[in-house]
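Structure assessment
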Amino acid sequence: PHTPVRRALLSVSDKTGIVDFAKGLREQGVELLSTGGTFRLLKEHSVEVQEVSEHTGFPEIMDGRVKTLHPKIHGGILARRGQDDAVMAENDIAPIDMVVVNLYPFEATVAKDDCTLSDAIENIDIGGPTMVRACAKNHAYTTIVVNTDDYARVLGEMASQEGAVSQATRFDLAVKAFEHTAAYDGAIANYLGRKVSDSDARFARTFNLQLEKKQDMRYGENPHQQAAFYVEPDAQEASVATAVIRQGKPLSFNNVADTDAAFETVKAFTETACVIVKHANPCGVAVGATALEAYDKAFATDPTSAFGGIIAFNVALDADTARAIVDRQFVEVIIAPGIDDAAAAIVAEKKNVRLLETPALSGTPAATALDFKRVNGGLLVQEQDQGMVTRDALTVVSKRAPSEQELNDLLFAWKVAKFVKSNAIVYAKAGQTIGVGAGQMSRVYSARIAGIKAEDEGLTVPGSVMASDAFFPFRDGIDAAAKAGITAVIQPGGSMRDQEVIDAADEAGIAMVFTGMRHFRH
Ligand code: 93A
C-alpha cells in the first residue's frame, strides 16, 4: 500500500538543488517545514513553507544550537504509524514523513588552515544527525534524504506512485543515511583524535579511519573472493594509493599488493634504483647510474621470476628504460614517480601493461603509519617497520673488518632484506641482488635457495655479501655461506650462540657486522 508523503522537514547546509526539490515536493502536495537559513532561502523563491520554530512553538535558541531538537519534531519523525496515533493526538504531534538534511560542513571546516578548535566544535552538527538517525530508524514509514544526488530519484518515484516512496527505496536511503552519520562521526573522532598523542588513542583512532573506496575488483587474491581497494582520502605521499593509472587494465588485488611491496622497497634507496616484485617478494633489486642500468641489473637477478612481475623505480621512467622493459619481458605493472611522454608512448605498445605514475618522492621518511594483520576474531595493530640502520650504527664483530665495497654492498643487501618475507636471506654484489631466499621456515633453506637461484641465473656468488633479516641461531648458516664464497655478512646478532657464529665467520675470513635491529616481515 502506498502511503503518500504529506509533510517533509528540510534543513540543509549544502543548499544545492534544495529550491527545486522543495518546489517538486510542493507540486506533490507535501507540506514543508524548515529551519532558519533553509526557510529563508525557500521563502525568497516563493516556496510555501513553515518555519520549524513556528511549528513547535519554540524558538531557535543558542545561535542555532537548538533548533530542531524538540519532541514535536522527533515525535513526528519517530512515531509508528497506526500504533502511536493516540499519543500523537494527545501531544499535538503531527507526523513528519520525510526528512531532508545534510550536515554542518565539519570536514570542509577542519580542512581550512586557519580552523581553530572552537570553529571545529561549532561545526559539529547535533540536531541534523539526530533527525537523520531518527528518520532512518523509522524507515518503515519515513523517507530520509541526505544526498543532493537523490532528490531527482525521490521526486521521480513520488510522481509515479501517487506521492509515495517505495519500501525498497526507503530502506536503501536509510542505509545511506547511517553511512553518512557514521562517516560524519568518524571525521570528528579523527580530527579530535589527532589532538592526542598516546599510542592507545592512536591505535583506537585507527578504527575510525575513514577510508574511501577507490576501486571494486573483479576478485580478491583468488577468483572466488570478493574484493575492493579502499584508500585514505588524505593520503599525500607517493604510493600505490595515490598513483594515477596512465594506461592499462584496472589493477587486480594482487597487483595492488605487489605494487605496494615494490614501490615501498624502491623508496628505501637514495641512489637510482629498480625493484622487481613477484608474489610480494623482491626477486631483483639494483641501483645504477641510470634507471636503465638499475633495471638491467635487477632483471638479471632472476629473469624467470621477473616474468609477469611488477617493476618499480624511484626516479622517472625514461624512454630507454621503457624500451628495454617492453622488448624484454612480460610485465604486469610499472610504477614510477614521473613518466616521460616518450616512455608512455613506448609502454602504449603493450595495451595491458598498467603504467602508474605517482607524485614526486619527498625524500623525507613518512610519518609512522600503522600496520594491521587480521587474525580470526581480532586485529593486530603495530607501527610500520620504519627502522633502518645507518653505517655508523653497525658493529664489526669479526676479526676482519669489511672493505669499503663490502660495506656498501652490506648496507644495500640489508635494505633489500627488510622487504623480503622472513626468513630472508639476500646475496648481493656491486649494488645488485645476486640471489634472494624468501619465506622459508628455516634460515638455512633461505640461504640455500638464494644460492641455487644465483647459480641457475649464471651469477657468481663468490665475492658476494649476505644479509639475514634475523640472527643466525647456529653456525651452519655461516658455514654454508662460506662454502658458497660469501665474503661478508650483515645480521642483527643477539643469538645465544653469537660467539659460535662469529667464530665460524672468522674461520672462513668472513667480515661480519651486527645491526642490532631485526626486520621480520611475514
Ligand atoms: O546546531 S544544531 O546541531 N542544532 C539543531 O537543532 C539543528 N537542527 C538542524 N544544527 C541543526 N541543524 C542543522 O542546521 C542541519 O543539519 C543543517 O545542516 C543546518 C541547516 O540550517 P539552516 O537551515 O539554518 O541553514
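Refer to the structure printed above.
No experiment lies behind these values; they were computed from the predicted model shown. (Residues numbered from 1 in each chain as written. Predicted model: local features only at pLDDT ≥ 70, side-chain atom pairs only at ≥ 80, totals over all residues. Heavy atoms only, no water.)

Describing the overall build of the protein
Looking only at helices and strands, the protein features 20 helices and 21 strands. Within the span of the protein, comprising 522 residues, buried residues form 47% of the whole. Relative to all contacts within the protein whose residues are 6 or more apart in sequence, the contacts with residues 24 or more apart total 55%. Surface accessibility of the protein: about 25,100 Å² in total, with carbon and sulfur atoms responsible for 52%. (Helix = DSSP H or I, 4+ residues; strand = E, 2+ residues; numbered from the N terminus. Buried < 20%, exposed > 50% of the residue type's maximum accessible area, 1.4 Å probe, protein only. Contact = heavy atoms within 4.5 Å. Areas by Shrake-Rupley, 256 points an atom, 1.4 Å probe, with all protein chains shown as cover.)

What to know about the pattern of salt bridges
Pairing between side chains becomes possible if they bear opposite charge and their charged atoms approach one another. Considering all chains together, one arrives at 26 salt bridges under this definition. Salt-bridge contacts for Lys176 lead to Asp150; the nearest nitrogen and oxygen are separated by 3.0 Å. With Lys176 in helix 10 (residues 167–193) and Asp150 in the loop between strand 5 (143–145) and helix 9 (151–160), this residue pair connects regions lying 26 residues apart in the sequence. Take Asp150: its relative accessible area is 4%, and that puts it in the buried class. Across the pair Lys267 and Glu264 runs a salt bridge, and its minimum N-O distance is 3.1 Å. Residue classification places Glu264 among the partly exposed residues on the basis of a relative accessible area of 27%. Within this structure, Asp150, Arg153, Asp172 and Lys176 form a network of salt bridges that share partners. (Salt bridge = Lys/Arg side-chain N within 4 Å of Asp/Glu carboxyl O.)

A few points about unusual backbone geometry
Ser422 connects to Asn423 through a cis peptide bond whose omega is -10 degrees. By the secondary structure assignment, Asn423 is in the loop between helix 17 (404–418) and strand 17 (425–429). Positive phi, normally seen in glycine, also occurs at Ser46, with a value near 60 degrees. Looking at the element boundaries, Ser46 is found in the loop between helix 2 (36–44) and strand 3 (50–51). In the Ramachandran plot, Asp63 falls in the positive-phi region, its phi being about 55 degrees despite a non-glycine side chain. Assignment of secondary structure puts Asp63 in the loop between helix 3 (52–56) and helix 4 (71–78).

Description of the site of the ligand
Looking at the ligand, there are 23 residues lining it, with Thr35, Thr38, Arg65, Asn102 and Asp125 nearest. Contact between the ligand and Lys15: an oxygen atom at 2.7 Å from a side-chain N or O atom of the residue. Gly127 is positioned such that a nitrogen or oxygen atom in its backbone is 2.8 Å from an oxygen atom of the ligand. Surface burial for the ligand is 94%, taken as the share of its 550 Å² of free accessible area covered by protein chains. Breaking the shell around the ligand down by element, the ones donating at least two residues are strand 1 (7–12), helix 2, strand 4 (98–102) and helix 8 (127–137). Here the shell around the ligand is composed, by residue class, of eight nonpolar, 11 polar and four charged. (Near = heavy atom within 4 Å. Polar contact = N/O pair within 3.5 Å; in protein donor to acceptor, adjacent residues only side chain to side chain. Nonpolar A, V, L, I, M, F, W, Y, C, P; charged D, E, K, R; others polar.)

A look at the nonpolar core
Grouped together as the largest cluster of nonpolar side chains are 50 residues, with contacts concentrated most on Leu25, Met98 and Ile144. The element that contributes the greatest number of residues to this core is helix 10, accounting for seven residues. Apart from the residues lying within four places of it in its own chain, the contact partners of Met98 are Val5, Arg7, Ala8, Leu9, Phe21, Leu25, Thr143, Val145, Val154, Met158 and Val165. (Core = buried A, V, L, I, M, F, W, Y, C linked by side-chain atoms within 4.5 Å.)

Structural notes on helix 18 (residues 443–456)
Across its 14 residues, helix 18 extends 20 Å between first and last C-alpha, which sits within 8% of the 20 Å expected from 1.5 Å per residue. Taken together, the buried positions of helix 18 are occupied by Arg443, Ser446, Ala447, Ala450, Gly451 and Ala454. The arc enclosing the buried residues of helix 18, seen along the axis, measures out at 135 degrees, which places them on a common side. Opposite its buried face, helix 18 presents the exposed residues Glu455 and Asp456, each directed more than 90 degrees away. Looking at the buried side of helix 18, the elements it contacts are strand 17, strand 18 (432–437) and strand 19 (465–468). Count one or two residues on from helix 18 and you reach Gly458, which has phi positive near 70 degrees. (Expected span 1.5 Å × (residues − 1). Arc of directions from axis to C-beta.)

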